[in-house]
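Residue strings, one per chain:
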Amino acid sequence: MKKRPIYPFAALVGQENMQLALLLNVINPGLSGVLIRGEKGTAKSTAVRALADILPEIAVFADDPYQLNPDTEAETWRSLRQAAGLPADETLPAVERRKVRVVELPVGATEDRVVGTLDLEQALKAGEKRVEPGILAQAHRNILYVDEVNLLDDHVVDVLLDSAAMGVNTIEREGISFSHPARFTLVGTMNPEEGELRPQLLDRFGLCVTIEGLTQVDDRVAIMERRAAFDTDAESFAAGWQEQSAGIAQKIVAARALYPQVEAPRELLFTIARTCLDVGVDGHRGDIIMLKCAKTLAALAGRKEANEADVHRAAELVLPHRLRRQPLMEIARSVQDARQHNLQQQTARGVQA
Amino acid sequence: MQERPYPIFPFAAVIGQDSLRQALLLTAINPRIGGVLIRGEKGTAKSTLVRGLAALLPEITVTAGCPFACAPGEQQLCPHCAGKTNKVAAPLVRQRRAAFVDLPLNATEDRLAGGIDFPRSLKEGQIVFAPGLLASAHRGLLYVDEVNLLDDHLVDLILDAAASGENRVEREGISFSHPARFTLVGTMNPEEGELRPQLLDRFGLCVEVRGESDPEKRVRLLELRENFDANPRVFIARYQQESEALASQIARGREILPAVRLPDSLRRFIGELCQENNVAGHRADLVLEQAVCALAALQERTRVSIADVQTLAPLVLLHRRREAQPPPPPPPQEQEEHEEQDEQNRPEEEENKADDRQADREDGREEGKSPEAPAQRPGESAGQEDEAEQQEQQGEAQEDQSQSSQAPAPPGQEAQQEQVFAIGATFTVKPLSARKDRLLRRGSGRRSRTRIAQKKGRYVKSSTRFNADLALDATLRAAAPHQKSRRQGNGQGLAVQLTPADLRGKIREKRIGNLLLFVVDASGSMGARGRMAASKGAVMSLLLDAYRKRDKVAMISFRKNEAVLNLPPTTSVDLAGKLLADMPVGGRTPLSAALARCHQELRNHLIKNPGAQPIVILLSDGKGNVALGEQTPQDEALLLAATLAQHNPATFIVVDTEEPGLVTFGLACKLAAAMQAQYCKIDELKAKALVNIIQEHTV
């Protein structure tokens, strides 16, 4: 049976910010993920799936649960086999090419499914310690889509974002000590009405976009028309958008190749630093991501130098979720201050007495 | 052990964070300092620096093949080496870098402390101990990112090992101990909750970090980071020389350290410093002594100077300082303090002045009644005090009105009385939790201890119910009697033959969050004498506590003629806080309606989440004066309260907001009795901390 085509990326209407954020992340996974905040039914998952569909194919070893890259990660493959107690034979397995996958993390996912766990059957039957890879292994070099990330157990989110930041998943549980590469494009969605993410976790998402239903009647009509056309005859609808989708794919490939050459002039770095200081974000992650984002924007536009406009655009994507939130508690600045405070209290008490 | 598969940003290339950098170098030189706790904002190179340090640690000599990294010739050997030394004259040794062990948040107890070696136990037919992360960290560094989020039982394990230098495992049929002396480095973001004082004290040094505010430095940092990301290998190579210089500085420091002398006068100075800062116990003195010696060694001096002590004192004392034990202030005065604070951030002061004329009429009566009023009249800061006074009287007036008039007040007047009080002072809340039972639950959070249906938490016992969480010790015990008869069957080279009937699962316990349902009295009687501000302060404190314990919260407020669900159950504590700040006060007290509404909400929640243990917190003075039916409001409320408690498996807490004084009604107390609830006053909600950590008090 032939697979039903996926709704084409080029045929999406509106939500330019979300589309842009997704594009930037597949061009430069160093942006460490997009958080999409918004209502239901705003083409979030459609966009992610459509994007995966047009991405260039990747090469993998056949039947490799860790999706390693045959070109650069052959050594890792051997060491993983060894660590798993399998014979690390000289011959590498056959290489095949396949599409980038969208790996979904369900809300009810438990931690052992996410990071991987001991293969119990193997352990009981053969007395062998073998790792059963989890969702993070599947996600390596793919897109990890986490719906309702704010409803996920806190510790699962912690693990997820840690792996996303380090590019490595480390398992330390049930007698296993094991780590494997896990570099993926992280896309999380949430509805803010259901509760916020902790600021700590928010900060780890590189970009953040807020989306809402379109308000222009024309746009809404266009969505309905296209959706109806897609539902009646998906094949020919997809074929009609083929050319545009290919164009976007080409842009992605070109931008990826161009990115390492993109330069940012020093004045621009000052603009970034000053913006972050003025806005008052915690730490330096905002600065770093903003620079990367601006450079990726330049690469997407086919330029070798980032400019002011890129920085301003980047700020819109990078800073909204980093604005300093009211800290819940303050700590003493220095012993000196605290001592003075103490002394004052003591004298105050003395006066009363 | 696998090599780290990712490149590490070099320690030498980190910009700024000088005091953190220094603290880390000092612990590397002298492990007896007892580790570093790093507090600070997100994204300030905390983890980067610690990981970078690992690459600089000097090499150590270990006994070859020893899983616990014993030093040859050491007094206290691990069981592995102790068995061998008798036979072999000189054990083989080899050099390797001191270990850097990263404790992931998802680590389980058996991986941390060590547990049963699964395959070997099955193959060899006897329980074999598999060393955990504490063993790997011996003579090295144990790094705990977000140490304040780690499960309590794991924290206890680490604490115990760090204190005794030994890891003792008595669990799952294992009885084993091995040396575990390591340097503990933890990071935390104080917004996510504080560490327990015991653990806080365990860290030798505490460093605050924050982002750079100088644009020039920020830019420099950006450039370095970009260079690193573009080509990590080249970048690391470029800093090779500086890294080596640092590494040799550490190595030299370690050599010099034993020769460093601390003059007696400085030892006395350290003692005085600790005394002056009121630290608990003597660890601060000892740590500071070790730290200054390390600093001298780092700078290749053999004599400690007074400047060393002054540089390092803040790092040692900051997290250990306590308030000098204050005499408990007399209650009326404390009340006054609350109000002053409220006054300062009350926007509608001006509006209230209009009502002052009316309030003034009560003035005489008021002054006669309350003994503290004349005493503070001649106070210094007249303006503010007066304001407070007026506020107080106005509140009193309202209260009198609502008390004296059981009959409904005219609606117009009611609307006029409506006001919004600011949130009063917040405090650390004493631990509140639901009762423990035998139900299995799922979830995260840190409030009530419960049995849990997830592979998390502490293994307390085993059961025949097998749920993919294998309890090997129990399974082996169950299989043991059958081994002889099964031996004939299929071999597979295992010493132990298992069948599905032998399998035993683990029962685990862990803390999880609860639903906190706040039922807040917002009637006119609450507006009196800053009571609403104090109550709001109490609710806010509970909300902050709920945030840290990852609870869900919901809020019902009642005033005038109805009870309203202001906030359906949500994890968004922010939202609850916002609603609380805007909550108006005024009108009568429909206590019965609130109880009915509370029942309805509880039932909804329990239908959706069977087995949940909501905690209901009712803040009221219990002076209900609006009935739903024919009965008197008081009788009806008591009846409803009893019914509510009977039908809902929730934990009830009644917080009495009635003013302590000569005439009290004690209605909330009666209500609590009817509900079988815990009863307390606002002040009794406060945690009785043994150590009042200073940061909670300084503004």
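Every value quoted in this text rests on a predicted model; they were computed, and no experiment measured them.

Rules and cut-offs
Residues numbered from 1 in each chain as written. Chains lettered and ligands numbered in written order. Predicted model: local features only at pLDDT ≥ 70, side-chain atom pairs only at ≥ 80, totals over all residues. Heavy atoms only, no water. Pairing = 2+ DSSP bridges. Helix = DSSP H or I, 4+ residues; strand = E, 2+ residues; numbered from the N terminus. Axes fitted to C-alpha atoms, helices over the stretch in contact; angles between N-to-C directions. Contact = heavy atoms within 4.5 Å. Phe/Tyr/Trp six-rings, centres within 6.5 Å; stacked < 30°, edge-to-face > 60°. Buried < 20%, exposed > 50% of the residue type's maximum accessible area, 1.4 Å probe, protein only. Lys NZ or Arg CZ within 6 Å of the ring centre and 35° of its normal. pLDDT = per-residue confidence, 0-100.

Caption draft 1: Representation of the sheet that holds strand S4 (residues 100–103) of chain B within the structure. Residues and elements named next belong to chain B. Taken together, 5 strands build an open sheet; the order of strands is S4-S7-S10-S1-S11 and the sheet is parallel. With one partner strand each, in any of the chains shown, S4 and strand S11 (205–209) form the two edges of the open sheet. The average angle at which neighbouring strand axes cross in this sheet is 15°, direction not considered. Along the sheet, helix H1 (residues 18–29) makes contact with strand S1 (36–40), strand S10 (183–188) and S11, crossing S11 at roughly 155°.

Caption draft 2: Quick peek at the packing of aromatic side chains. Tallied over the full model, the rule gives 10 aromatic pairs over all chains. Geometrically, the ring pair formed by A:Phe237 and A:Trp241 is tilted, given 6.3 Å between the ring centres and 50° between the ring planes. With A:Phe237 and A:Trp241 both in helix H10 (residues 234–258) and 4 residues apart, the pair spans about one turn of that helix. Classification of A:Phe237 as buried rests on a relative accessible area of 11%. Arranged with centres 5.1 Å apart and planes meeting at 40°, the rings of B:Phe235 and B:Tyr239 form a pair that is tilted. Both residues of the pair, B:Phe235 and B:Tyr239, belong to the buried class. Through a chain of ring-to-ring contacts, the aromatic side chains of A:Tyr7, A:Phe230, A:Phe237 and A:Trp241 assemble into a single cluster. Positioned above the aromatic ring of B:Phe11, the side-chain terminus of B:Arg21 is 5.9 Å from the ring centre.

Caption draft 3: Representation of the confidence of the model for chain A. Residues and elements named next belong to chain A. Scored by pLDDT, chain A has a mean of 79; 86% of the residues are at 70 or more. Confidence, read as mean pLDDT per element, is least for helix H14 (residues 335–352) in chain A (50) and greatest for helix H12 (residues 285–300) (91). Between residues 326–339, whose pLDDT stays under 50, and residues either more than four places distant or in other chains, the model counts 29 contacts.

Caption draft 4: Seen up close, unusual backbone geometry. Within the chain, A:Ser32 stands out as a residue other than glycine whose phi angle is a positive 50°. Tracing the backbone through its elements, the reader meets A:Ser32 in the loop between helix H1 (16–27) and strand S1 (34–38). A relative accessible area of 18% places A:Ser32 in the buried class. One non-glycine residue, B:Gln676, lies in the positive phi region at around 55°. Using a relative accessible area of 67% as the deciding quantity, one classes B:Gln676 as exposed.

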